[in-house]
Protein chains: 4
Amino acid sequence: MLNVTVWNEFRHEQNNEVVKGIYPEGIHGAIAQFLNEDFSVKTATLDEPEHGLRDEVLKETDVLIWWGHMAHDEVQDEIVEKVKKRVLEGMGLIVLHSGHFSKIFKTLMGTSCDLKWREADDKERIWVVNPSHPIVDGLGEYIELEKEEMYGEHFDIPAPEELIFLSWFEGGEVFRSGCTYSRGNGKIFYFRPGHETYPTYHNPEIQRVIKNGVKWAAPTNHAYPVYGNAKPLEEIKPKSAE
Amino acid sequence: MLNVTVWNEFRHEQNNEVVKGIYPEGIHGAIAQFLNEDFSVKTATLDEPEHGLRDEVLKETDVLIWWGHMAHDEVQDEIVEKVKKRVLEGMGLIVLHSGHFSKIFKTLMGTSCDLKWREADDKERIWVVNPSHPIVDGLGEYIELEKEEMYGEHFDIPAPEELIFLSWFEGGEVFRSGCTYSRGNGKIFYFRPGHETYPTYHNPEIQRVIKNGVKWAAPTNHAYPVYGNAKPLEEIKPKSAE
Amino acid sequence: MLNVTVWNEFRHEQNNEVVKGIYPEGIHGAIAQFLNEDFSVKTATLDEPEHGLRDEVLKETDVLIWWGHMAHDEVQDEIVEKVKKRVLEGMGLIVLHSGHFSKIFKTLMGTSCDLKWREADDKERIWVVNPSHPIVDGLGEYIELEKEEMYGEHFDIPAPEELIFLSWFEGGEVFRSGCTYSRGNGKIFYFRPGHETYPTYHNPEIQRVIKNGVKWAAPTNHAYPVYGNAKPLEEIKPKSAE
Amino acid sequence: MLNVTVWNEFRHEQNNEVVKGIYPEGIHGAIAQFLNEDFSVKTATLDEPEHGLRDEVLKETDVLIWWGHMAHDEVQDEIVEKVKKRVLEGMGLIVLHSGHFSKIFKTLMGTSCDLKWREADDKERIWVVNPSHPIVDGLGEYIELEKEEMYGEHFDIPAPEELIFLSWFEGGEVFRSGCTYSRGNGKIFYFRPGHETYPTYHNPEIQRVIKNGVKWAAPTNHAYPVYGNAKPLEEIKPKSAE
């Protein structure tokens, strides 16, 4: 059974009555709850020691889910380096919504990861553009969210290896809402929805996408590549070339 | 100077007063006119012998532009095969709007190239998502068209090698409006706008995109690859392996 | 349990003693045997009625494996069209070795699918370049085959959506040996090895790749997209726009 | 005329007689010399103040070429950040050979950029796998180098947006030798050859690739995207939605 760790900044839920009302157990609690049906789930938050990401936790995590927003700068660089190392080793990473500006996502992308945004209750339609991808399993043509924060292009990310979802917003913007990448031995899935003031993670279709994402991002058993100085030519030259 | 051939079905302009009013010289005439500033331009239409695409014409064409809609089936398969052969040899191809359903585009894509559509004067915003690409040279963040036909996802094409534009439509749809592909030695650019009942090809920004597209799709001077039976191992085995 | 159909031309095994000696049950028989452990497997061959691909067979097939070489032209266009339709509907397709020149692969790729080749017992090393991909699960850094037919670049295919394997050949060539594509709702995996005069499909690592490929190419349950004329703007315009 | 800055670590040429013999003016000098025919070229080296990359220099540079090897760690992080900022703004970047381990390349890629290597005078064949790409203009099917350092897979980079070259090495390895990426408004080209102890940059075909790369990596005039808080919905909602 896959081991999933749900990481959440967990600040809005303590400082904001609206958010607390929507996610009384925190965003991590809400996500952990629906993932529990299919996976072995732990949670971790910013204000725990080492942000709840001790070496043993990271070592045992198959897929890490990341939600952060107002306190990206408080995440210690040392922890970010450890998470990056684990992704390159094969741990899957799912970055949600405002996690686009997290240290871990920016360092894995190599770009500013900047974008446009607007908090105005825009209607959002998340269109599937990659119907054969396992991440869209069980979905229809699009997911409609009555109200969400708008994220608009240009989204300053590397061209996605796979583009899964495109969002339409009432105000006139579009956004690459579901993007996959590989880094080292690890797989990364960025999924846009989930502003803290909306009940987005209670939406069954959004939950389905995150579950599918965890399965897709699971590590393979490929032997970790060998790097550095290779054997001398004499030793490794194919017999036939002797 | 690049040789461009603008191919147009040229039926709507003869059967429909509205279209005739917008494009008195035909869509091909309008496109040829603004391309004339930078390129050596010819035109060709469906009802000419061999659809205006005799072997000499194709041989001399660096970039072919294709607009078709109601008479895709009237294009002879033999001519389609000749155009495909030229693309694989290196001729650039720019497919516009309803050309998504042309025989030449479908045979180069390998998919149905189907999509959603609506003729309802939707406002369209064509967002740039690939700001470093030469095809967007001289543009701003998006091109806005007050009224166009809607094309919506799912667009049944192979994943674009480069995704340049994403369209937003007033009615709630999105569309991958600017897509590039390579096939053999040739480059292909699909660009969505240009329904016959709107003056889209008179828009200077749309014209800029098509001009940029021609420059991008121009053939390289790479030696055409050699295929088939390679030299015997004895002959071509690297010296060092003797 | 996934339903796999292994299609084989099945001519060499009847005309050539060497091939018959290596694959007494035919290449399809050898592949079916090792797939039987994990999947529900059927076989089909060229000389059966409808090439063994009656509508019910195709309808029930989740993943189709294709091996052909000397008789590509004998495959009826009507059957090719049915297979293509099923791929666009979601059936997975795994094309092996000389299947690169099959009608079904060429029509899905849109290119000539030509390449270089040499029958000279080249040593081949199939290097993994995408270590996070499920298709390489259980493999090491590379698979070495003492003797195989050489396939060399340029391989005239569209740029793979995912490049999984690169082959090195003793004679000085390289080849993109593992390539994935999506077409419509279906996933396609091209895997190079398997010339009929070598026991390649008896190699456990090659068998592992094909098993992984079947799992990867399995259909999703995504709703088949709706194409064509969309609802009028009045009906579908978002409430907020009223 | 494009402004090119050739950056070189410039240490081997001062410490090693062999390298000094091959590149008496330094690797930067050799590259600047052949680029001078087509571009306005400056050079910069590690031991100059600010590594020769003062703000004015970076601001005026259209394309930066980077060669480094033994002293990557001596490049100041502050300068790396400035170079990265310029790439995201649109400056082209060409990273050569051992520059795969430079701070600037690693921070733009987000991976370890590790690889295999061997100094054993391997013969190298650099095969063209993307014949329609402007970077291969003027080349044949492959470039052969009698002796080079071997670089082998796995190369820990993100999947290239475009794969241009694949290298074959005598000892049994392959390598993705020509890879392109976009980051922000900037284009990046990694090109493998050029170990300091071989006269690789005196090879006319290698020179042609670097010249083509400069032209390809040149900035576009696209308006730099606007990020951050978008206009309120009331203001920007399409008229038709009022």
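What counts, and where the lines are drawn
Residues numbered from 1 in each chain as written. Chains lettered and ligands numbered in written order. Predicted model: local features only at pLDDT ≥ 70, side-chain atom pairs only at ≥ 80, totals over all residues. Heavy atoms only, no water. Contact = heavy atoms within 4.5 Å. Buried area = accessible area lost by both parts, 1.4 Å probe. Salt bridge = Lys/Arg side-chain N within 4 Å of Asp/Glu carboxyl O. Helix = DSSP H or I, 4+ residues; strand = E, 2+ residues; numbered from the N terminus. Nonpolar A, V, L, I, M, F, W, Y, C, P; charged D, E, K, R; others polar. Polar contact = N/O pair within 3.5 Å; in protein donor to acceptor, adjacent residues only side chain to side chain. Pairing = 2+ DSSP bridges. UniProt positions renumbered as here; feature names shortened; annotations may be inferred. pLDDT = per-residue confidence, 0-100. Least-squares fit on C-alpha atoms with pLDDT ≥ 70 in both. Expected span 1.5 Å × (residues − 1). Buried < 20%, exposed > 50% of the residue type's maximum accessible area, 1.4 Å probe, protein only. Phe/Tyr/Trp six-rings, centres within 6.5 Å; stacked < 30°, edge-to-face > 60°. Lys NZ or Arg CZ within 6 Å of the ring centre and 35° of its normal. Lys, Arg positive; Asp, Glu negative; His and termini not counted.

Per an unreviewed UniProt entry, chain A is named PalA, and its organism is Alkalihalobacillus alcalophilus ATCC 27647 = CGMCC 1.3604.

Draft legend 1. Focus on the interface of chain D and chain A. Between chain D and chain A, the residue contacts involve 39 residues of the former and 39 residues of the latter. Counting the surface chain D buries against chain A, the share from its top three residues, Trp-117, Tyr-227 and Leu-233 of chain D, is 19%. Between the two partners, chain D and chain A, sit zero salt bridges. When residues in the side of chain D that touches chain A are grouped by element, the largest group, five residues, is from strand E5 (residues 116-128) of chain D. Its residues assigned to classes, the side of chain D that touches chain A shows 17 nonpolar, 10 polar and 12 charged.

Draft legend 2. Quick look at the interface of chain B and chain C. Counting residues at the interface gives 39 residues for chain B and 39 residues for chain C. When chain B packs against chain C, close to 3000 Å² is buried across both sides, 57% of that on carbon and sulfur atoms. Ranking the residues of chain B by area buried against chain C places Trp-117, Tyr-227 and Leu-233 of chain B at the top, with a combined share of 19%. Counting the contacts that link chain B with chain C gives zero salt bridges. At the boundary of chain B and chain C, one finds 14 residue pairs in polar contact (both at pLDDT 80 or more). Looking at the side of chain B that touches chain C, the elements with two or more residues in it are helix H5 (77-89), helix H6 (103-109), strand E5 (116-128), strand E8 (174-183), strand E10 (228-229) and helix H8 (233-236) of chain B. One ladder, built from two bridges, connects E10 of chain B with strand E5 (residues 116-128) of chain C; its direction is parallel.

Draft legend 3. Expanded view of the UniProt feature "domain: ThuA-like" (unreviewed entry) in chain A. UniProt feature "domain: ThuA-like" (unreviewed entry): in the numbering of this structure it lies at residues 3-217 of chain A. Secondary structure across residues 3-217 of chain A divides into 28% helix and 33% strand, with the first and last C-alpha atoms of the span separated by 12 Å.

Draft legend 4. Looking closely at the confidence of the model for chain A. Summing up the model confidence of chain A, the mean pLDDT is 95 and the portion of residues at 70 or higher is 97%. Predicted as a complex, the structure gets a pTM of 0.96 and an ipTM equal to 0.95.

Draft legend 5. The relation of the copies chain D and chain A, seen in detail. Take chain D, turn it by 180°, move it 0.0 Å along the axis, and it overlays chain A with an RMSD of 0.0 Å. With respect to symmetry, the two chain copies, as superposed, fit the operation of a two-fold axis. Residue Gly-110 of chain D, judged by its C-alpha, is the member of chain D lying nearest the rotation axis, at 2.6 Å. Mapped onto chain A, 100% of the interface residues of chain D are again interface residues, and the two copies thus contact each other with one and the same surface.

Draft legend 6. View of helix H5 (residues 77-89) of chain C. Residue and element names in this part refer to chain C. The end-to-end C-alpha distance of H5 is 18 Å, a good match for the 18 Å that 13 residues give at a rise of 1.5 Å each. Within H5 the residues assigned to the buried category are Ile-79, Val-80, Val-83, Lys-84, Arg-86, Val-87 and Leu-88. If you follow the buried residues of H5, they end up packed against helix H4 (55-60), strand E3 (63-67), strand E4 (92-96), helix H6 (103-109), strand E8 (174-183) and strand E9 (186-191). One or two positions beyond H5, positive phi appears at Gly-90, with a value near 135°.

Draft legend 7. The arrangement of the pairing of E5 of chain B in detail. All names here are of chain B. Where E5 lies against strand E6 (residues 142-152), eight bridges are found, and the strand directions are antiparallel. Counted as the bridge partner of Arg-125 is Glu-144 from E6. By the bridge criterion, five bridges tie E5 to strand E7 (residues 162-169) in an arrangement that is antiparallel. The residue of E7 that forms the bridge with Trp-127 is Leu-166.

Draft legend 8. Summary view of the environment of Thr-200 of chain D. Residues and elements named next belong to chain D. The topology assignment puts Thr-200 in the loop between strand E9 (186-191) and helix H7 (204-217). For Thr-200, a relative accessible area of 3% puts it in the buried group. Separated by 52 residues in sequence, Thr-200 and Glu-148 place their C-alpha atoms 8.0 Å apart. Look past the residues within four positions of Thr-200 in its chain and what remains in contact with it is Tyr-23, Leu-145, Glu-148, Pro-193, Gly-194 and Ile-206.

Draft legend 9. Summary view of the pattern of salt bridges. Enumeration according to the criterion identifies 88 salt bridges over all chains in this entry. Asp-122 of chain B is the salt-bridge partner of Arg-118 of chain B, the closest N and O atoms lying 2.8 Å from each other. Here Arg-118 of chain B matches Asp-122 of chain B in class, with each residue buried. Between Arg-125 of chain D and Glu-144 of chain D there is a salt bridge, with its nearest N and O atoms 2.6 Å apart. With Arg-125 of chain D in strand E5 and Glu-144 of chain D in strand E6 (residues 142-152), this pair connects stretches of sequence that are 19 residues apart. It is possible to trace a salt-bridge network through shared partners that takes in Lys-123, Arg-125, Glu-144 and Glu-146 of chain A.

Draft legend 10. Structural context of the packing of aromatic side chains. The full count for this structure, using the stated rule, is 42 aromatic pairs over all chains. Ring geometry for Tyr-224 of chain A versus Tyr-227 of chain A: centroids 6.2 Å apart, planes at 85°, classification edge-to-face. Overall, the relative accessible area of 18% leaves Tyr-227 of chain A in the buried class. A centroid spacing of 5.6 Å and a plane angle of 70° characterise the contact between Tyr-151 of chain B and Phe-175 of chain B, whose relative ring orientation is edge-to-face. Of the two residues, Tyr-151 of chain B is situated in strand E6 and Phe-175 of chain B in strand E8; the sequence distance between them amounts to 24 residues. You can call Tyr-151 of chain B buried: its relative accessible area is 3%. With a relative accessible area of 0%, Phe-175 of chain B lands in the buried category. Ring-pair connections join several aromatic residues into one group, and the members of that group are Phe-105, Tyr-151, Phe-155, Phe-175 and Tyr-190 of chain A. In this structure, Arg-125 of chain B is placed above the aromatic ring of Trp-168 of chain B, and the distance from its NZ or CZ to the ring centre is 5.9 Å.

Draft legend 11. Structural view of unusual backbone geometry. Cis geometry is found at the peptide bond from Glu-153 of chain C to His-154 of chain C, where omega equals 10°. Mapping His-154 of chain C onto the fold places it in the loop between strand E6 (142-152) and strand E7 (162-169). Phi is positive for His-51 of chain B, close to 55°, though the residue is something other than glycine. Counting through the fold element by element, His-51 of chain B comes out in the loop between strand E2 (40-45) and helix H4 (55-60). His-51 of chain B sits in the buried class, given a relative accessible area of 4%.

Draft legend 12. Spotlight on the environment of Lys-82 of chain B. Residues and elements named next belong to chain B. Following the sequence through the fold, Lys-82 ends up in helix H5. Considered as a pair, Lys-82 and Phe-191 are 109 residues apart in the sequence and their alpha carbons are 22 Å apart. Residue contacts for Lys-82: discarding those within four places in its chain leaves Glu-50, Asp-55 and Leu-58.

Draft legend 13. Region of interest: the environment of Val-63 of chain B. Residue and element names in this part refer to chain B. The topology assignment puts Val-63 in strand E3 (residues 63-67). C-alpha separation for the pair Val-63 and Trp-216, spaced 153 residues apart in sequence, amounts to 9.6 Å. Not counting chain neighbours up to four residues away, the residues in contact with Val-63 comprise Asn-3, Val-4, Thr-5, Met-91, Gly-92, Ile-94, Val-214, Ala-217 and Ala-218.

Draft legend 14. Summary view of the side chain of Glu-149 of chain D. All names here are of chain D. In this fold, Glu-149 is placed in strand E6. Comment: no salt bridge for buried Glu-149; closest opposite-charge side chain is Arg-192, at 5.5 Å. Within the local environment of Glu-149, its side chain forms a polar contact with the side chain of His-97, the two groups lying 3.0 Å apart. Setting aside residues no more than four positions away along its own chain, Glu-149 makes contact with His-97, Trp-117, Arg-118, Glu-119, Phe-169, Arg-192, His-195 and Tyr-198.

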